[in-house]
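The residues making up each chain are set out below.
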Amino acid sequence: MNDLRLTPHNFDRTFRATLRYKHGFEHADLERAKGIMSDAIAHVEHKTGTSSGMRAHHLDTAMKFLNKEHEEWKKMPEHQKQHIETALKEHFGVAEPEQKSG
């Protein structure tokens, strides 16, 4: 894991390009993702009492909030949710568990 933060401001500088060019999001989907992630960041900041955005160790808190409480996230197509979660893990340097072969 790295020490990067995700804030609504740096979403446009760092995270948007990943979603656009690596995950194929179009403009409308990027704007929707930015709104959803801004809500998740605000939730994390509220829960932790900070104003410095979201870090890797906040990822579980953010995902629980999105999956349980965020109506726009719940309406989003499953493949887009998976792309956003994968992009978040990439951004924060969170390694995916290795798949064991037969």
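The structure under discussion appears in the preceding block.
From a predicted model like this one, the values you see are computed outputs, not experimental measurements.

Let's talk about the overall build of the protein chain
Move 1: The secondary structure content of the protein chain amounts to five helices and zero strands.
Move 2: In sequence order, the secondary structure elements of the protein chain are arranged as α-α-α-α-α.
Move 3: Computed over C-alpha atoms, the radius of gyration of the protein chain comes to 13 Å, within 12% of the 13 Å expected from 2.2 N^0.38 for 102 residues, which places it in the range of a compact globule.
Move 4: Dimensions along the principal axes, computed over C-alpha positions, put the protein chain at roughly 45 × 30 × 30 Å.
Move 5: Taken over 102 residues, the protein chain has a buried fraction of 37%.

So, the nonpolar core
Move 1: With 25 residues, the main nonpolar core has L6, L19, M37, M54, L66, I84 and L88 as its most contacted residues.
Move 2: No other element matches the seven residues that helix α2 (residues 27-48) contributes to this core.
Move 3: The residues contacting M54, other than those within four sequence positions of it, are L4, R5, L6, M37, I41, V44, L59, A62, L88 and F92.

Digging into the environment of K81
Move 1: By the element assignment, K81 lies in helix α5 (residues 78-92).
Move 2: For K81, a relative accessible area of 12% translates into the label buried.
Move 3: Distance from K81 to A33, taken between C-alpha atoms, is 9.1 Å for residues 48 residues apart in sequence.
Move 4: When near neighbours in sequence (up to four residues on either side) are disregarded, K81 contacts W73, K74 and M76.

Some words on the environment of E90
Move 1: Counting through the fold element by element, E90 comes out in helix α5.
Move 2: With a relative accessible area of 35%, E90 lands in the partly exposed category.
Move 3: Sequence-wise, E90 and T18 are 72 residues apart; in three dimensions their C-alpha atoms are separated by 8.9 Å.

What counts, and at which threshold
- Residues numbered from 1 in each chain as written.
- Predicted model: local features only at pLDDT ≥ 70, side-chain atom pairs only at ≥ 80, totals over all residues.
- Heavy atoms only, no water.
- Helix = DSSP H or I, 4+ residues; strand = E, 2+ residues; numbered from the N terminus.
- Rg over C-alpha atoms; globule rule 2.2 N^0.38 Å.
- Buried < 20%, exposed > 50% of the residue type's maximum accessible area, 1.4 Å probe, protein only.
- Core = buried A, V, L, I, M, F, W, Y, C linked by side-chain atoms within 4.5 Å.
- Contact = heavy atoms within 4.5 Å.

Function cannot be read off these values alone, since they describe shape.
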